[in-house]
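Per-entry structural report
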Amino acid sequence: QSLVTYVRTRLRRLGSVAMNEPAAYAVVGRTGRLAAQPAWLRDAVLAGSRLRSYEADQFTFHAGDEPGGMYGVVDGGVGILVPSGGQDLALCHVMRRGTWFGYGPVLSVGGRRKMTFKAVEKSHLLHLPLRELTAIGTGRPEFFRSLAALHDMTFMMSAVRVVGDLLIRSGEKRIAAVLARIAKREPDEADQQPWPVRLSQADIGLMSNSSRDRVNRALAKFVKAGWITTDFKMVEVKQLSELERFALE
């Protein structure tokens, strides 16, 4: 049993996840916002989607790109990048399993992409091409209303959480809040073990509006408390509830 646990832990740390389309459909179909949709909508989206793999730092698309289809995160993490300090793009949030994105052009009648997304670690995504996306809405116009509601729930709530973390006055608590937000799984997932946070200290600093020195000191403090362990460009959260409690004190 200990050997099995060791192998699973190493694969998880390395981001090596066995995945195929049937497994992806099963995972995403019961997780996140899609799981709460009517059966016809869920089935139509999954039937038209195909599994894609992305390496760390590989972009799905950029703001200004031609319109395209939408994506659903199966495993790994996809970062949302926003302009910061002029034209520079900064990572502000990481989307996890069950989150869908990329349907903006359909809702804005064919406009170009308005946001930039990239995988922050090895990730698997389901991709529903634009033609399939449009075909579903043509046959069932209520599909577009569901997408609009999904957009509000996904991105409005993400924006609220990001802003809420940045309004925390203490730098250490902001860092704790960011780590907890990125590591936390959806409540409906059977596995509640926190996601590994595969980000550099520079990324964590940007997301928490903190200097790299402050991030380094905070991580050392959290390690000493037993809340996390660290490795190169990775933080494993061992006590999520303690990080959340500390951030809210």
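Quick note: structure is the one above.
So, the packing of aromatic side chains
Each aromatic ring pair is characterised by the separation of its centres together with the angle its planes make. For the structure on display, the rule yields 11 aromatic pairs. Consider the rings of Phe101 and Phe117, whose centres lie 4.5 Å apart with planes at 35°: the pair is tilted. You can see Phe101 sitting in strand 6 (residues 100–101) and its partner Phe117 sitting in strand 7 (residues 116–119), a full 16 residues away along the chain. There is no split in this pair, since Phe101 and Phe117 are both buried. Through successive ring pairs, a cluster of aromatic residues spans Tyr54, Phe61, Tyr71, Phe101, Phe117 and Phe155. For Arg185, the ring lying beneath its charged end belongs to Trp195, and the centroid distance is 3.9 Å.

Details of the pairing of strand 3 (residues 70–75)
With six of six residues buried, strand 3 lies mostly within the body of the structure. Pairing geometry for strand 3 and strand 8 (residues 123–128), over five bridges, is antiparallel. The residue of strand 8 that forms the bridge with Tyr71 is His127.

Quick word on the pattern of salt bridges
In the structure shown here, the tally under the stated rule is 11 salt bridges. The partner of Glu55 in a salt bridge is Lys122, and the shortest N-O contact between them spans 2.9 Å. Residue Glu55 is located in the loop between strand 1 (50–54) and strand 2 (59–61), and its partner Lys122 is located in the loop between strand 7 and strand 8; the two are separated by 67 residues in the primary sequence. Judged by relative accessible area, which is 28%, Lys122 ranks as partly exposed. For Glu142, the salt bridge goes to Arg140, with nearest N and O atoms at 2.7 Å. In the salt-bridge network here, residues are joined through shared partners; they are Arg96, Glu121 and Arg198.

Comments concerning the sheet that holds strand 1
Taken in spatial order, the four strands make up an open sheet running 1-8-3-6, and their pairing is antiparallel. The sheet terminates laterally at strand 1 and strand 6, the two strands that pair on one side only. Helix 4 (residues 39–48) contacts strand 1, strand 3, strand 6 and strand 8 of the sheet and is inclined by roughly 110° relative to strand 8.

Re the nonpolar core
In summary, soluble globular proteins display a tendency toward joint burial of nonpolar side chains. In terms of nonpolar packing, the biggest core is built from 32 residues, with Val45, Met70, Met95, Trp100, Phe101 and Phe117 touching the most fellow members. Once residues within four sequence positions are removed from consideration, Phe117 is found in contact with Phe59, Thr60, Phe61, Val78, Gly79, Ile80, Met95, Phe101 and Phe155. Ile175, Ile182, Ala218 and Trp227 belong to the second-largest nonpolar core, a separate cluster that totals 29 residues.

Brief notes about helix 7 (residues 142–166)
The end-to-end C-alpha distance of helix 7 is 36 Å, a good match for the 36 Å that 25 residues give at a rise of 1.5 Å each. Those residues of helix 7 that sit buried are Phe143, Leu147, Leu150, Thr154, Phe155, Ser158, Val162 and Asp165.

Overview of the sheet that holds strand 7
Taking strand neighbours across the sheet as the criterion, the four strands line up as 2-7-4-5 in an open arrangement whose pairing is antiparallel. Only two strands of the sheet have a single partner each, and these edge strands are strand 2 and strand 5 (89–95). Each adjacent strand pair in this sheet contributes to an overall mean axis angle of 35°, direction not counted. The sheet contact formed by strand 4 (residues 78–83) and strand 7 spans four bridges and is antiparallel. Paired with Ile80 across the bridge in strand 7 is Phe117.

Details of the pairing of strand 9 (residues 228–231)
Bridge count for strand 9 against strand 10 (residues 234–237) is four bridges, and the pairing is antiparallel. Residue pairing for strand 10: Thr229 is matched across the bridge by Glu236.

Topic: helix 2 (residues 21–29)
Along helix 2, the residues classified as buried are Ala24, Val27, Val28 and Gly29. Contacts from the buried residues of helix 2 go to helix 3 (32–35), helix 4, strand 1, strand 3, strand 6 and strand 8. Between the side-chain oxygen of the N-cap and the backbone nitrogen of Ala23 there are 2.9 Å, and the N-cap of helix 2 in question is Asn20.

Quick look at the environment of Arg212
Summarising the element assignment, Arg212 is placed in helix 10 (residues 212–225). The class for Arg212 is exposed, based on a relative accessible area of 56%. Along the primary structure Arg212 and Ser200 are separated by 12 residues, whereas in three dimensions their C-alpha atoms are 9.7 Å apart.

Reading the values: the criteria
Residues numbered from 1 in each chain as written. Predicted model: local features only at pLDDT ≥ 70, side-chain atom pairs only at ≥ 80, totals over all residues. Heavy atoms only, no water. Phe/Tyr/Trp six-rings, centres within 6.5 Å; stacked < 30°, edge-to-face > 60°. Helix = DSSP H or I, 4+ residues; strand = E, 2+ residues; numbered from the N terminus. Buried < 20%, exposed > 50% of the residue type's maximum accessible area, 1.4 Å probe, protein only. Lys NZ or Arg CZ within 6 Å of the ring centre and 35° of its normal. Pairing = 2+ DSSP bridges. Salt bridge = Lys/Arg side-chain N within 4 Å of Asp/Glu carboxyl O. Contact = heavy atoms within 4.5 Å. Axes fitted to C-alpha atoms, helices over the stretch in contact; angles between N-to-C directions. Core = buried A, V, L, I, M, F, W, Y, C linked by side-chain atoms within 4.5 Å. Expected span 1.5 Å × (residues − 1). Polar contact = N/O pair within 3.5 Å; in protein donor to acceptor, adjacent residues only side chain to side chain.

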